[in-house]
Amino acid sequence: MKNVYVRPLDLRSGHVDLAHGGGGRAMQQLIGEIFRRAFDNPWLARGDDAAVLPALAPGERLVVSTDSHVVSPLFFPGGDIGSLSVHGTVNDVAVMGARPLYLSAGFILEEGFPLADLQRIAGSMGRAAADAGVAIVTGDTKVVERGKGDGIFITTTGVGALPAGRELSGAFARPGDVVLVSGTLGEHGMAIMAQREGLAFEGDLRSDSAALHGLAAAALAASPGLRLMRDPTRGGLAATLNEIARQSAVGIVLEESALPVSPAVAAACEFLGLDPLNLASEGRLLAVCPGEEAAALLAALRSHPLGRQAALVGEVIADARCFVQMQTTLGGRRMVDWLAGEPLPRIC
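Residues numbered from 1 in each chain as written. Predicted model: local features only at pLDDT ≥ 70, side-chain atom pairs only at ≥ 80, totals over all residues. Heavy atoms only, no water.

It is not clear to me how the packing of aromatic side chains should be interpreted in this structure. Could you clarify?
Two aromatic rings, taken as a pair, are described by how far apart their centres are and by the angle between their planes. The final tally for this structure, using the stated rule, is 4 aromatic pairs. When the centroid spacing of 4.3 Å and the interplanar angle of 25° are considered together, the rings of Phe35 and Phe107 count as stacked. Of the two residues, Phe35 sits in helix α1 (residues 25-39) while Phe107 sits in strand β4 (residues 99-110), which places them 72 residues apart along the sequence. Phe107 sits in the buried class, given a relative accessible area of 4%. Among the aromatic side chains, those forming a connected cluster through ring pairs are Phe35, Phe39 and Phe107. (Phe/Tyr/Trp six-rings, centres within 6.5 Å; stacked < 30°, edge-to-face > 60°. Helix = DSSP H or I, 4+ residues; strand = E, 2+ residues; numbered from the N terminus. Buried < 20%, exposed > 50% of the residue type's maximum accessible area, 1.4 Å probe, protein only.)

Shown next, in the form of C-alpha cells:
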C-alpha cells in the first residue's frame, strides 16, 4: 500500500473541526503536531492509552488532584488558560506538602477554534510544566460542534510524591497559630475582570499566576510544625480562611493593616465596590504555623522570589462559632464571611 501524504496542519489560519476529535488520522495529526510537540517527554512519546510511571521512593505516598479550567478570556495579562491549568494543579499538589511529578491534560475544543490559538496555549502549557519540573504524560482530546462550547476547556490532573510522616490539612489549625500569606491579594481576579470588561485602571493589573512548589518547599523547610498550606483561588482569602476555620473548629482574626494589597487592586476594588479578600489569587500561598515558628517562616517566604511581599496577617483563636473576623484600622472588628457565590465567574 502506498503511503498517503498528509498535509501539515495550517497552524497560522486553520481551525479545529469535528474530525480532530473523531479518533482518526486528523485527530492523530492534531495530537502529534500540537500536543506531543509542546509536551514532549518519554512517557507521552510512547503513545499508549496510559503512562507507565517510575515507582516512588520507599515510604513516599501518592497525592492526586484534578481541576477543570474554563477561564474567560483565554489570554490575559500575566498568563493564559494553558499556563493557568498547569499552575493551578501543580499548586494543589504542592500545598499538600507533596513534590509535583506528573500531569495529565484533557481538552474540550469547539469546532472552529483557531489552530494558532491552540498551538499558543499548548506551548504555554509545555513551558509552564517544564519550568515547574513536571511532565504532561497523558491526555485526551474531544471536539464539540460550533456553538456548543466556548473555544477550549482544559482539565488537568496532577500526581505528586508525599514523604513519609508529612501531614498537612485544613483540619490541623490550633489556637495560638498564625496565618501568613506570601504576597499581595486578588491580583488574578482583578486582572481577569479588567480584561473581560475592558476596564482601565492606573497601575499594572496582571495575574499573579505562578507555580508555588518551590515556595512551598521553602516553607516546609523553615517550619517543621507547619499545619497547612493553601492557595486562595476561587473565593479568595475570605473563603479559604472560612473553610479552614470550619475544618479545624477554630476562629481566625485578621489584622487589616497587615493585609498586603497592591495600590492597583485597592483602587480598582474601591471603584467597583469589591473586597480584595473575595478575589482570587493564583500565585499566592497561605500558610498556618505555630506562633513560635512565625519569624522563621516569614523570613523563608520573603527570601523566595515569589514571596518577597509575604506578611503575617492574623492569628488562630479558640472560637466554637468558627468565625473569621478582622481587626480594622479604625479599632473595631467586622466579620469576614464567604460569599454565597463567586463575584466573578470563570476566573480559572
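Would you mind showing me how to read the pattern of salt bridges here?
Close approach of charged atoms allows side chains of opposite charge to pair. Counting across every chain of the model gives 11 salt bridges. A salt bridge links Glu60 to Arg99; the shortest N-O distance between them is 3.1 Å. Of the two residues, Glu60 is situated in the loop between α2 (42-45) and β1 (61-69) and Arg99 in strand β4; the sequence distance between them amounts to 39 residues. Classification of Glu60 by relative accessible area gives buried; the value is 19%. Of the residues examined, Arg99 reaches a relative accessible area of 43% and is grouped as partly exposed. Here Arg227 and Asp177 are joined by a salt bridge, their closest N and O atoms 3.0 Å apart. Here Arg227, found in the loop between α6 (213-222) and β8 (228-230), pairs with Asp177, found in strand β7 (residues 177-181); they are 50 residues apart in sequence, far enough to count as distant. Put simply, Glu187, Asp208 and Arg284 are held in one network by salt bridges that share partners. (Salt bridge = Lys/Arg side-chain N within 4 Å of Asp/Glu carboxyl O.)

I tried to follow the domain arrangement of the chain on my own but got confused; where do I start?
Accessible area lost upon the coming together of the parts is a frequently used measure of interface size. Annotation of the chain at the domain level lists domain 1 (18-162) and domain 2 (170-335). Of note, the centres of domain 1 and domain 2, computed from C-alpha atoms alone, are 28 Å apart. Facing 20 residues of domain 1, the contacting portion of domain 2 comprises 21 residues. Buried area between domain 1 and domain 2, both sides added, is near 1600 Å², and the carbon and sulfur share of it is 59%. Together, Pro77, Asn91 and Val95 form the three largest contributors to the area buried by domain 1 at its contact with domain 2, with a combined 33%. The leading source of residues in the side of domain 1 that touches domain 2 is helix α3 (residues 81-94), at 7 residues. Classifying every residue of the side of domain 1 that touches domain 2 gives 11 nonpolar, 6 polar and 3 charged. (Domains from an automatic or database assignment. Contact = heavy atoms within 4.5 Å. Buried area = accessible area lost by both parts, 1.4 Å probe. Nonpolar A, V, L, I, M, F, W, Y, C, P; charged D, E, K, R; others polar.)

Help me out: how do you make sense of the nonpolar core in this one?
The nonpolar side chains of a soluble globular protein tend to be buried with one another. Counting 51 residues, the largest nonpolar core has Ile34, Phe35, Phe107, Leu118 and Ile152 as the members making the most contacts within it. Among the elements that take part in this core, helix α4 (residues 115-132) stands out by supplying 8 residues, more than any other. Taken domain by domain, the makeup of this core includes at least three residues from each of domain 1 (18-162) and domain 2 (170-335). Each residue touching Phe35, except ones within four places of it in the same chain, is listed here: Leu30, Leu44, Phe107, Leu118, Ala122 and Thr141. In terms of nonpolar packing, the next biggest core, distinct from the first, is built from 24 residues, Ala238, Ile252, Val316 and Val324 among them. (Core = buried A, V, L, I, M, F, W, Y, C linked by side-chain atoms within 4.5 Å.)

Honestly, the layout of surface pockets in this entry has me stumped. Any pointers?
If a probe the size of a water molecule is rolled over the atoms, the empty space left behind becomes visible. Of the pockets and cavities examined, the largest pocket occupies roughly 430 Å³. Lining the largest pocket are 23 residues; nearest its centre among them are Ile31, Leu44, Asp48, Thr138 and Gly139. Among the secondary structure elements, those contributing two or more residues to the lining of the largest pocket are α1, α2, β4 and β5 (135-144). Here the lining of the largest pocket is composed, by residue class, of 13 nonpolar, 5 polar and 5 charged. (1 Å grid on protein atoms, 1.4 Å probe; cavity = no way out; pocket = protein on both sides within 12 Å on 5 of 7 lines; lining within 4 Å. Points joined across faces, edges and corners; volume = space filled by probe spheres on them.)

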